[in-house]
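If you want the building blocks of each chain, they are given just below.
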Amino acid sequence: MHIPVIVQTTGLLILSNVFMTIAWYGHLKNMSSKAWWYAALVSWGIALFEYLLQVPANRIGNTQYSLAQLKILQEAITLTVFVPFAMFYMGQPFKLDYVWAGLCLVGAVYFIFRS
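What you see is a predicted model, and the numbers here were worked out from it, not measured in a lab.

## As for a nonpolar patch on the surface
So, step 1. A cluster of nonpolar side chains, Trp36, Trp37, Tyr38, Leu41 and Trp44, forms an exposed patch at the surface whose accessible area comes to about 700 Å².
So, step 2. On the secondary structure map, Trp36 appears in helix H2 (residues 36–61).

Rendered as structure tokens:
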């Protein structure tokens, strides 16, 4: 079974972003009473899984897409993962600004992939 490069790349980047978001922001909820260095060490441990997914995602994606296309794809995925994380895990309210930011990223994706 052949999985298209865009599906492999996007899937790995989504999973990578889940780990990245937890590593970057999860400690704000779960470890606020711990020393910053403890939170940093735990976050680095979580970030290892991010890199174990992100590096192959970019290597696979680079076979068909430019560096700029991979970066814009990454940023669009980051917002897609971050908004539900912020709302459901961190308890942040929904903001219309998420929609506007998302539309800007849709535009960025369009312009970087159109040629």
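## Brief notes about the environment of Cys104
So, step 1. If you trace the backbone, Cys104 turns up in helix H4 (residues 96–113).
So, step 2. Taking the C-alpha atoms as reference, Cys104 lies 23 Å from Leu12; in sequence the two are 92 residues apart.

## Some remarks on the nonpolar core
So, step 1. In terms of nonpolar packing, the biggest core is built from 7 residues, these being Leu12, Leu13, Leu53, Ala57, Leu73, Ile77 and Val81.
So, step 2. The set of elements that each furnish at least two residues to this core consists of helix H1 (5–30), H2 and helix H3 (67–89).
So, step 3. Counting residues per element, this core draws most heavily on H3, which supplies 3 residues.
So, step 4. For Val81, the residues in contact, after removing those within four places along its chain, are Ile14, Asn17, Val18 and Thr21.
So, step 5. Formed by 6 residues, the second largest nonpolar core is a distinct cluster that contains Ala76, Leu79, Val83 and Leu105.

About the cut-offs
Residues numbered from 1 in each chain as written. Predicted model: local features only at pLDDT ≥ 70, side-chain atom pairs only at ≥ 80, totals over all residues. Heavy atoms only, no water. Patch = residues over 30% accessible without salt bridge, like charges linked within 9 Å, V, L, I, M, F, W, Y side chains within 5 Å. Areas by Shrake-Rupley, 256 points an atom, 1.4 Å probe, with all protein chains shown as cover. Salt bridge = Lys/Arg side-chain N within 4 Å of Asp/Glu carboxyl O. Helix = DSSP H or I, 4+ residues; strand = E, 2+ residues; numbered from the N terminus. Core = buried A, V, L, I, M, F, W, Y, C linked by side-chain atoms within 4.5 Å. Buried < 20%, exposed > 50% of the residue type's maximum accessible area, 1.4 Å probe, protein only. Contact = heavy atoms within 4.5 Å.

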